[in-house]
Amino acid sequence: MRASGSLHCSYERLHPTLLFVYFLLVLAVTMLLRHPVFLGMEFLLALFWIRTWNICTIRASSVWYVLAGFLTLTFLNPLISQEGATVLFYFNEKPITWEALLYGALSAGMMLNTLLWCLIMSRVMTTDRLLCVCGKRFLNLGMVITLVFRFLPLFIRQYTQIKEGQCGLYGSEDGSFKEAFRRTKQALLAMMTWSLDHGMRTAEAMISRGYGIGARGHYARYHWRRKDLFALAGLVLCAILTFVPLGLGYAACEVYPSFWWKYSDIGDWICMAAFLGMLCIPMWEARRMAG
Amino acid sequence: MKQIRQTQVVILAMVLVLLLVWAPFPYANNHIHAFAKEYSDEDEVLYRTAEENISKLLLWKTTKASVNDNQELFNDMAETGGTSPSDWYALALLRLYGGENAANYFECLASRCIEPEKTDVEQYRRFLVMALFQISQPPISATGEQDLGFCCPDEWIAPDTLEKKGIMSKIYRLLYLATVWDAENVPKKQEEEISEAIEDLLALELSSGGFALTGTNADIDITSMAVQALAPYASFSERARESLLRSYQLLCRRQQENGGFASFQTENAESCAQAIIAFCALYCSACVAENEGMDTSYHSFFSLDELRERISQTVTAMRRFACAEGGYGHAFTDENGLRENELASAEVLCAYTSILRAFAKEEAGFFYPQAKEIVHIVDQEPLTETEESMSAAATEEMSNGASVVETKDKDEWTSGQIRLILLGLFSFVMLMFLLAAITGRKKEGIKRKVAVLLCIGVAGICVIFFGKIQTKREHEEAMLAETIAPDEAVIVTFSIDFKDGTPLLFEMQPVTARKGESVYLLLKRVCEENHISLDTSVSLGSVYVRGIGGHYEQDEGALSGWIFLVNGKVVNTDCGSRKVQKGDEIRWVYTRDLGKDVQP
């Protein structure tokens, strides 16, 4: 699947620190801003990441789920919030306002974007990349992260095994809620002892391999290149050009009490363009490296 | 694993159903009343304020004044012509309603103007001129057809008949000329006539600027009238413009620090109202000047922003004269505090209509589009029968007009259509969830999922189907219908105290409550009427008052908050379920010790 085109998986050649900073910045903007233009750009770029670099496959069912969830969130907000100036109609004496509807849609868009970008980040920032980001400075943190990341899949595998064992012992799972609770409790107790035991064994294995004898080194497959430096500089520049106008009140968007957004000023344009640039930097960099 | 998933789905479904059922819980939200103040557009704020107050005043006039004092909306203008509040009401209604449906009314008025044997025919003529000016329509249209069904002979306003009558006759002459005046196309003869009339009026201007009926001290009311008369000619005559500037400066000098105006050393609502009318006239003419791109010195002097600022200051000052019932009082020097006054209320209504006219966004002549709704509301209130054919004809004409306009208005969707749309949207969302469930990879729990979805769907459709959906207008009408009918009114005494007996709203005072109304609903109504913010939380059908007028629970220690006393005893039940009874003495107080400090 991977490495089929020139553009495909070329993000893998980017330095993890660059990617890490990139994702932090994008997630910060995604979670903080409710501006429709920003939401649109984030969504499109997220789709681009997913489609082009095979983050995950998009199934029909997930599209339906996302659409239905989006609409549900949109229509739930006016039921809960009665703020807003433009009343559309009254539902059981409560005003349903246009602004509340809009706010619901924007919030739903924001949540969707955050989910998508978190998904992309979790797929792209694999353990080795995270370790590389931790680097020499935070050796201990890096090791703890490694251990945790290793432990999680092992835990899940073990839990499934115990569950399957229970199925074999007591028959299929169609029992009452109480029964299911009892079994789960049993399984979790077993998992507790297992994880302690597993921790002991890991520690012994580490000691037998020479842990604690002397200073530890650090290995990474990734190398910091000049191009990465340029990309990082571009990223920082774009971030400054995005956040400074935002701080000055450009590209602002307020829903309550009545909707208004800024999009026509030169400051707004600079802010949006810088953010688009920031979003596109990995693509541009990957293309440059591939080419 | 499967078991857990299904439990989650069931819990989610329950939460959704709960939300759907809870959300339309019939307690109106209190935040909604605050938004008018937050408009960024200042014009909009003024416009909304005026709109709101007009509805209130009209409602007050129709419910309180006519029911209690047995007065008509239009009472007999013949006996009190020119000085009674009824004139101002008629003018205000004309402004709101435009001249379109008032032909009958004008006919009646005109018929009185022709009877020369009557001594007060002059008053009628003046009033006719004023009314014509309000709707800005000449009695005879340019094509010679009689728009209003009568002819206004020249002699009524001819200079020689009005010459001896002092400043008011000159003002009325200018007003009349304004109705027949067409800025685009001014005949030479008329031009001279207008210049002459302007000169006549300016001859009476005081040296310090402004005008007065007698004496040398400028009078706010007369100056305001003169400004109204001169404002239409601002773009036409240099002299008029200069005089307007002087009058404006006078008004600015006379404006007090709190924004109000005084006549005879007493600040009063009428002077404020007149000043607002004058400012609005200036605002209109400045707008016209700006549109035409004429003389920059003129419209730079009348900065629109400054005028708007002055108007809103004056409105703020004027609103202090509002009484609890909805009418306006004359001044604070009255015995027994502020008392409602017909004339003051009428002039205030007129001032608000001027604001509407000046700040209306659409250029719809002087026709105020929402007037039909207000008149429609007024129409529903019972008007006492009157022998005067004029007022009867006028109101009848107006109400006919109202129903005609109402049937024409089909811009808004009906509640049935809204219900259909909601059903459609809801089914669409549910269908998507269904599709998602069917197309999903995991097939094992699909039956249960579909069942849960169907349950939610049926619940939601039931809520939408049996829920109460009202369009904006229906809601408004329902709210207005809530005003208490006399037969189910009970009088209770009511007050909101704050901190050691200092009244937040008013001292113990009789308030009309509906029979069986809860203490909470009474509080809510009183707060709404007096523009006091009220913050409540509703849980499981019981209401808890968190804050009144910005003073919140736990502001002064953990045991502080709002409680209410009925007949001097702290009531610990929910204020939403405690019903008021006749003669109850209800007092809301802020306690600091769970009510122990307020118990006598």
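Residues numbered from 1 in each chain as written. Chains lettered and ligands numbered in written order. Predicted model: local features only at pLDDT ≥ 70, side-chain atom pairs only at ≥ 80, totals over all residues. Heavy atoms only, no water.

Draft legend 1. A look at the overall build of chain A. Secondary structure summary: chain A contains 9 helices and 4 strands in total. When the elements of chain A are put in sequence order from the N terminus, they spell out α-α-α-β-β-α-α-α-α-α-β-β-α. The buried share among the 291 residues of chain A stands at 41%. Expressed as a percentage of contacts within chain A between residues at least 6 apart in sequence, the contacts between residues at least 24 apart total 74%. For chain A, the exposed area adds up to about 16100 Å²; of that, 68% sits on carbon and sulfur atoms. (Helix = DSSP H or I, 4+ residues; strand = E, 2+ residues; numbered from the N terminus. Buried < 20%, exposed > 50% of the residue type's maximum accessible area, 1.4 Å probe, protein only. Contact = heavy atoms within 4.5 Å. Areas by Shrake-Rupley, 256 points an atom, 1.4 Å probe, with all protein chains shown as cover.)

Draft legend 2. Summary view of the overall build of chain B. Helix and strand counts for chain B stand at 22 helices and 12 strands. If you take every contact in chain B between residues at least 6 apart in sequence, the share linking residues at least 24 apart comes to 66%.

Draft legend 3. Examining the side chain of A:Asp268 more closely. Residues and elements named next belong to chain A. By the element assignment, aspartate 268 lies in helix α9 (residues 266-290). At 2.7 Å, the side chain of aspartate 268 forms a polar contact with the backbone nitrogen of alanine 251. Within the structure, the side chain of aspartate 268 is placed 3.0 Å from the backbone nitrogen of aspartate 265, a separation counted as a polar contact. Discounting residues that sit within four places of it in the chain, aspartate 268 has contacts with Tyr250, Ala251, Lys262 and Tyr263. (Polar contact = N/O pair within 3.5 Å; in protein donor to acceptor, adjacent residues only side chain to side chain.)

Draft legend 4. Up close: the sheet that holds strand β3 (residues 469-470) of chain B. A sheet is described by the order of its strands in space; here 3 strands give the open sequence β2(A)-β1(A)-β3(B), paired in antiparallel fashion. The open sheet has two edge strands with one neighbour each: β2 (94-97) of chain A together with β3 of chain B. Where strand β1 (residues 87-91) of chain A meets β2(A), 4 bridges bridge the pair, whose relative direction is antiparallel. By the bridge assignment, A:Phe89 is partnered in β2(A) with A:Ile96. (Pairing = 2+ DSSP bridges.)

Draft legend 5. Main features of the packing of aromatic side chains. Residues and elements named next belong to chain A. Scanning the model with the defined rule gives 21 aromatic pairs over all chains in all. Between the aromatic rings of phenylalanine 23 and tryptophan 49, the centroid separation amounts to 5.5 Å while the plane-to-plane angle is 50°, which identifies the pairing as tilted. Taken together, the residues phenylalanine 23 in helix α1 (residues 16-32) and tryptophan 49 in helix α2 (residues 36-52) connect sequence positions 26 residues apart. Among the residues examined, tryptophan 49 registers a relative accessible area of 0% and is labelled buried. Here phenylalanine 151 and phenylalanine 155 contribute two aromatic rings whose centre-to-centre distance is 5.6 Å and whose plane-to-plane angle is 55°, an arrangement assigned as tilted. Linking phenylalanine 151 with phenylalanine 155, this pair stays in helix α6 (residues 139-170), spanning 4 residues, or about one helical turn. According to the relative accessible area criterion, phenylalanine 151 is partly exposed, its value standing at 27%. Members of the aromatic cluster, joined through ring pairs, are Tyr11, Tyr22, Phe23, Trp49, Trp53 and Trp117. Lying across the ring of tyrosine 170, arginine 182 places its NZ or CZ 6.0 Å from the centre. (Phe/Tyr/Trp six-rings, centres within 6.5 Å; stacked < 30°, edge-to-face > 60°. Lys NZ or Arg CZ within 6 Å of the ring centre and 35° of its normal.)

Draft legend 6. Looking closely at the pairing of β1(A). Counting buried positions over the 5 residues of β1(A) gives 4, a clear majority of the element. One ladder, built from 2 bridges, connects β1(A) with β3(B); its direction is antiparallel. Across the sheet, A:Phe91 pairs through a bridge with B:Ile469, a residue of β3(B).

Draft legend 7. Spotlight on the environment of B:Asn341. Residues and elements named next belong to chain B. Within the secondary structure layout, asparagine 341 lies in the loop between α15 (304-319) and α16 (342-359). Overall, the relative accessible area of 23% leaves asparagine 341 in the partly exposed class. Separated by 12 residues in the primary sequence, asparagine 341 and glycine 329 have C-alpha atoms spaced 4.9 Å apart. Ignoring sequence-local partners within four residues, the contact set of asparagine 341 consists of Tyr328, Gly329 and His330.

Draft legend 8. A nonpolar patch on the surface, seen in detail. Residues and elements named next belong to chain A. A surface patch of nonpolar side chains, about 370 Å² in accessible area, is lined by Val236, Ile240, Val244 and Leu248. Within the secondary structure, valine 236 is located in helix α8 (residues 226-247). On the basis of relative accessibility, which here comes to 42%, the residue valine 236 falls in the partly exposed class. (Patch = residues over 30% accessible without salt bridge, like charges linked within 9 Å, V, L, I, M, F, W, Y side chains within 5 Å. Salt bridge = Lys/Arg side-chain N within 4 Å of Asp/Glu carboxyl O.)

Draft legend 9. Structural view of the nonpolar core. B:Ile171, B:Leu230, B:Phe279, B:Ile311, B:Tyr352 and B:Ile355 are the most contacted members of the largest nonpolar core, which has 71 residues in total. It is helix α13 (residues 269-292) of chain B that provides the largest number of residues to this core, a total of 13 residues. Setting aside chain neighbours within four positions, we find B:Leu230 in contact with B:Leu174, B:Ile198, B:Leu201, B:Leu202, B:Phe211, B:Ala240, B:Ser243 and B:Leu244. If you look at the next biggest cluster of nonpolar residues, it comprises 44 residues, including A:Tyr22, A:Ile120, A:Ala239 and A:Cys271. (Core = buried A, V, L, I, M, F, W, Y, C linked by side-chain atoms within 4.5 Å.)

Draft legend 10. Examining helix α19 (residues 415-439) of chain B more closely. Given a rise of 1.5 Å per residue, 25 residues ought to cover 36 Å, and the 36 Å separating the end C-alpha atoms of α19(B) matches this to within 8%. All of the buried residues in α19(B) are B:Ser415, B:Ile418, B:Leu423, B:Phe426, B:Val429, B:Met430, B:Met432, B:Phe433, B:Ala436 and B:Ala437. (Expected span 1.5 Å × (residues − 1).)

Draft legend 11. Focus on the pairing of strand β12 (residues 585-591) of chain B. Residue and element names in this part refer to chain B. Here β12 lies mainly inside the structure; 5 of its 7 residues are buried. With 6 bridges connecting them, strand β10 (residues 561-566) and β12 associate as antiparallel partners. Each bridged residue has a counterpart across the sheet, and for leucine 565 the counterpart in β12 is arginine 587.

Draft legend 12. A look at unusual backbone geometry. Residue and element names in this part refer to chain A. Located in the positive-phi region is asparagine 54, a residue other than glycine, with phi close to 50°. Judged by its relative accessible area of 26%, asparagine 54 falls in the partly exposed class. Residues other than glycine seldom take positive phi values, yet alanine 251 does so here, at roughly 50°. Relative to the assigned elements, alanine 251 resides in the loop between α8 and β3 (253-254).

Draft legend 13. Main features of α2(A). All names here are of chain A. If you check α2, its first and last C-alpha atoms are 24 Å apart, about what 17 residues at 1.5 Å a residue would give, namely 24 Å. Inspection of α2 places Phe38, Leu39, Met41, Glu42, Leu45, Ala46, Trp49, Ile50 and Thr52 among the buried residues, and these make up the whole buried set. In the stretch just after α2, asparagine 54 is the one whose phi turns positive, near 50°.

Draft legend 14. Spatial organisation of the confidence of the model for chain B. Residue and element names in this part refer to chain B. Per-residue confidence for chain B gives a mean pLDDT of 67, with 56% of residues at or over 70. Looking across chain B, the model is least confident in helix α3 (residues 77-80), with a mean pLDDT of 36, and most confident in α19, with 90. Counted against residues more than four places away or in other chains, residues 24-40, with its pLDDT under 50, gives 37 contacts. Note on residues 140-151: pLDDT is under 50 here. Beyond four places in sequence and across chains, it has 23 contacts. Of the two predicted TM-score estimates for the complex, the pTM is 0.49 and the ipTM is 0.77. (pLDDT = per-residue confidence, 0-100.)

Draft legend 15. Representation of the pattern of salt bridges in the model. Residues and elements named next belong to chain A. All chains considered together, the criterion is met by 5 salt bridges over all chains. One salt bridge connects arginine 221 with aspartate 128, and the closest N-O pair in it is separated by 3.6 Å. Of this pair, arginine 221 sits in the loop between α7 (177-208) and α8 while aspartate 128 is found in helix α5 (residues 127-134), placing the two residues 93 residues apart along the sequence. Accessibility expressed as a relative area gives 55% for arginine 221, which makes it exposed.

Draft legend 16. Seen up close, the environment of B:Leu454. All names here are of chain B. Relative to the assigned elements, leucine 454 resides in helix α20 (residues 446-466). Looking at leucine 454, the relative accessible area reads 51%, which means it is exposed. Sequence separation of leucine 454 and methionine 430 is 24 residues, and the distance between their C-alpha atoms is 8.2 Å.

Draft legend 17. Focus on the side chain of A:Asn92. Inspection of the secondary structure assignment puts A:Asn92 in the loop between β1 and β2. Judged by relative accessible area, A:Asn92 falls into the buried class, the value being 18%. Among the polar contacts listed, one links the side chain of A:Asn92 to the backbone nitrogen of B:Lys468, at a separation of 2.3 Å.

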